[in-house]
Amino acid sequence: MRPTIHIPVTSDRRRRPEFRLRASYVRAVLGAGGAPLLVPPIPPADAAGQPRPGGLLLPGGGDVAPSRYGAEDSGAVRLVDPERDEWEIALTRRALEEGWPILAICRGIQLLNVAAGGTLIQDIPTEFPDALCHATPPDRPLHHDAHGVRLLAGSRLACIYGAGDGAALGDASVRVNSRHHQAVRDVAPGLRPTAWAPDGIVEGLETDGPSESPFVVGVQWHPEDLAPRDGATRALFRAFVAAAGGAR
Ligand code: MN
């Protein structure tokens, strides 16, 4: 049996209302042996009785409303969807409480951090003018090599990308794509940073617990666009799906 992976979709109300999800998320989960299940935004009360899936993939998208982490809107936030925020935060809190494996990508790592009680940098270029460019020009491909990321020795990410014992390898470095203007600021209780860009921007979060704690990994890059051409990135999806199937 393929483990079921819930993936919340985006409500697009700008034109005719529809739900959207980039196909690359679905293909990456399928390629790793999971059964993707696209879930529409519904009120938390209606979702409460739904059976738990094998795992939860939080995909990319617009910014989380600053009010969700107790901040004033600096004027730089984009594409806020209050309903999506509310529903995904409730879903993520349930997943954390019930120990569902989580893979959180781009907006997902930010949403994960906010759901667990952390805060965000609202706009990297205006708050940190010396930071490197975390945006990618629209004429570049989605897998565009943007910057390096240092992985914390012994972390899940280092073990996965190091294809073995990350602790023995020491800090590993990987090349990633980058399409974000926000990032994790204060890391939520229960999570710890495990990946950083060269400018110090947090690019990875994991649970701050023993290695047998549930698989909870957030990445600020877009592994779904790297997986087709990078085996180490496919290993990230395989590790997530394996955890969703009950593996430790
Ligand atoms: Mn980046």
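Here the structure is a predicted model, which means the values were calculated and not measured. (Residues numbered from 1 in each chain as written. Predicted model: local features only at pLDDT ≥ 70, side-chain atom pairs only at ≥ 80, totals over all residues. Heavy atoms only, no water.)

Q: Explain the environment of Ser 67 to me, and be specific about the residues and the numbers.
A: Mapped onto the elements, Ser 67 comes out in the loop between β5 (55–58) and α3 (82–98). By relative accessible area, which is 58% here, Ser 67 ends up exposed. Sequence spacing of Ser 67 and Pro 82 is 15 residues, and the spatial spacing of their C-alpha atoms is 9.9 Å. (Helix = DSSP H or I, 4+ residues; strand = E, 2+ residues; numbered from the N terminus. Buried < 20%, exposed > 50% of the residue type's maximum accessible area, 1.4 Å probe, protein only.)

Q: Give me the lowdown on the side chain of Glu 203, citing residues and values where you can.
A: Within the element layout of this structure, Glu 203 appears in strand β12 (residues 202–207). Put simply, Glu 203 is tucked away with no salt bridge, and the nearest opposite charge, on Arg 175, sits 11 Å away. Here His 180 takes part through its side chain, which lies 3.3 Å from a polar atom of the side chain of Glu 203. The contacts of Glu 203, once residues within four sequence positions are left out, are Ile 109, His 134, His 147, Val 149, His 180, Ala 195, Trp 196, Ala 197, Gly 218, Val 219, Gln 220 and Trp 221. (Lys, Arg positive; Asp, Glu negative; His and termini not counted. Salt bridge = Lys/Arg side-chain N within 4 Å of Asp/Glu carboxyl O. Polar contact = N/O pair within 3.5 Å; in protein donor to acceptor, adjacent residues only side chain to side chain. Contact = heavy atoms within 4.5 Å.)

Q: Account for α3, with residues named and values stated.
A: The first and last C-alpha atoms of α3 sit 24 Å apart over 17 residues, in line with the 24 Å expected at 1.5 Å per residue. Every buried residue belonging to α3 is among Arg 84, Asp 85, Trp 87, Glu 88, Ile 89, Leu 91, Thr 92, Arg 94 and Ala 95, and all of these are buried. At the N-terminal end of α3, a side-chain oxygen is found 3.2 Å from the backbone nitrogen of Glu 83, two or three residues along, and the residue is Asp 81. Note on α3: the residue one or two positions beyond its end, Gly 99, has a positive phi of about 75 degrees. (Expected span 1.5 Å × (residues − 1).)

Q: Describe the pairing of strand β1 (residues 4–8), and please don't skip the residues or the numbers.
A: Burial runs high along β1: 4 of the 5 residues are buried. Here β1 runs beside strand β4 (residues 35–39); their pairing, made up of 5 bridges, is parallel. The partner of His 6 across the bridge, within β4, is Leu 37. (Pairing = 2+ DSSP bridges.)

Q: Before we move on, can you summarise the coordination of the manganese ion with the specific residues and values?
A: Taken together, the protein donors to the manganese ion comprise His 134 (ND1), His 147 (NE2), Ser 178 (OG), His 180 (NE2) and Glu 203 (OE), at separations of 2.3 to 2.4 Å. We note that the donor set of the manganese ion lies within a single chain, spaced as H-x12-H-x30-S-x1-H-x22-E. Pair noted here: His 180 is in the loop between β9 (172–176) and β10 (183–184) and Glu 203 is in strand β12, with a separation of 23 residues, a long-range link. Take His 180: its relative accessible area is 6%, and that puts it in the buried class. For Glu 203, a relative accessible area of 0% translates into the label buried. (Donors = N, O, S within 2.8 Å, 3.2 Å for Na, K, Ca; no water.)

Any link to function would need more than the numbers given here.
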